[in-house]
Amino acid sequence: MGRIPKWRRVAFIPEITYFKPVGVSLRALDKVRLSVEEAEAIRLKDLEGLGQEECAQRMSISRPTFHRVLESARSKLADALLNGKAIRIEGGNFEMAMRRFRCTNGHEWDVPFEVMVTEPPRFCPTCNTLNILPTQPFGFGWGRRGWPRHRGRGTISRGGQPTSGQE
Ligand SMILES: [Zn+2]
């Protein structure tokens, strides 16, 4: 067995996840892949202007880990910007700060990050059906079918079809 993945708490997933330089076909471009937690690190630190300690807390990781994620994200963005590469935001070991679930009988409830990463729900708390699914934020498809077993580790793609099952 591999190591247990360390889930990072993410409060936001950008609506647009693909960027490319104007006038160059995507096929001819090198691509930089930014994970969802790397995008979150940039958002908290550089967009919201929070201190590293608070950023780390918000993502439920240690400060050195946050620093590593942030540095990785910044270097990828710099590489893309200055070397004219496309950027794709996808995948990673993340879980949403709050996830909303729905059962086939129409009940909905919220599941916080701390519960999602320790014991994700298997049945509806109202009617006990096992037919439950997370509602999809921003109309994104979520990784593979069979989530939440795979949680956030699949590939996010628009239109619901996974673009790739793994790295
Ligand atoms: Zn129900």
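Residues numbered from 1 in each chain as written. Predicted model: local features only at pLDDT ≥ 70, side-chain atom pairs only at ≥ 80, totals over all residues. Heavy atoms only, no water.

**Q** Please give an account of the overall build of the protein that cites residues and values.
**A** Check the secondary structure of the protein and you find 4 helices and 10 strands. Tracing the protein from N to C terminus, the helices and strands come up as β-β-β-α-α-α-β-β-β-β-α-β-β-β. Looking at the 167 residues of the protein, the share that counts as buried comes to 41%. Here the protein has roughly 9,900 Å² of accessible surface; of this, 52% comes from carbon and sulfur atoms. (Helix = DSSP H or I, 4+ residues; strand = E, 2+ residues; numbered from the N terminus. Buried < 20%, exposed > 50% of the residue type's maximum accessible area, 1.4 Å probe, protein only. Areas by Shrake-Rupley, 256 points an atom, 1.4 Å probe, with all protein chains shown as cover.)

**Q** Account for the coordination of the zinc ion, naming residues and giving values.
**A** Every protein donor of the zinc ion is accounted for by Cys103 (SG), His107 (ND1), Cys124 (SG) and Cys127 (SG), and the metal-donor separations fall at 2.0 to 2.3 Å. Angles of 101 to 113 degrees at the metal separate the 4 donor atoms of the zinc ion, which places the site in the tetrahedral class. For the zinc ion, all donor residues lie on one chain, and their spacing in sequence is C-x3-H-x16-C-x2-C. With a gap of 21 residues between them, Cys103 in strand 6 (residues 98-103) and Cys124 in the loop between helix 4 (113-118) and strand 8 (132-134) connect regions that are remote in the sequence. In this structure, Cys103 and Cys124 share a single accessibility class: buried. (Donors = N, O, S within 2.8 Å, 3.2 Å for Na, K, Ca; no water. Tetrahedral: all angles 85-135°; square planar, octahedral: opposite > 155°, others 65-115°.)

**Q** Describe the sheet that holds strand 4 (residues 86-89), and please don't skip the residues or the numbers.
**A** Spatial ordering of the open sheet is given by 2-4-3, a layout of 3 strands whose pairing is mixed. Strands with a single pairing partner mark the edges of an open sheet, and in this sheet they are strand 2 (18-19) and strand 3 (31-34). Strand direction decides the pairing type here: strand 2 and strand 4, joined by 2 bridges, are antiparallel. Across the sheet, the residue bridging to Phe19 is Ile87, located in strand 4. Each of strand 3 and strand 4 is contacted by helix 1 (residues 36-47), which is oriented at about 75 degrees to strand 3, the strand it contacts most. Lying on the sheet, helix 3 (residues 63-83) is in contact with strand 3 and strand 4; it crosses strand 3 at an angle near 155 degrees. (Pairing = 2+ DSSP bridges. Contact = heavy atoms within 4.5 Å. Axes fitted to C-alpha atoms, helices over the stretch in contact; angles between N-to-C directions.)

**Q** Describe the environment of Arg88, listing the residues and the values that go with them.
**A** Tracing the chain through its elements places Arg88 in strand 4. Sequence separation between Arg88 and Thr17 is 71 residues, and the spatial gap between their C-alpha atoms is 5.6 Å. A distance of 3.5 Å separates the side chain of Arg88 from the side chain of Glu90, its partner in a polar contact. (Polar contact = N/O pair within 3.5 Å; in protein donor to acceptor, adjacent residues only side chain to side chain.)

**Q** Give me the environment of Phe19: which residues, what numbers.
**A** In this structure, Phe19 sits in strand 2. The sequence separation of Phe19 and Ala80 amounts to 61 residues, and the corresponding C-alpha distance is 9.6 Å. Setting aside residues no more than four positions away along its own chain, Phe19 makes contact with Ala86, Ile87 and Ile89.

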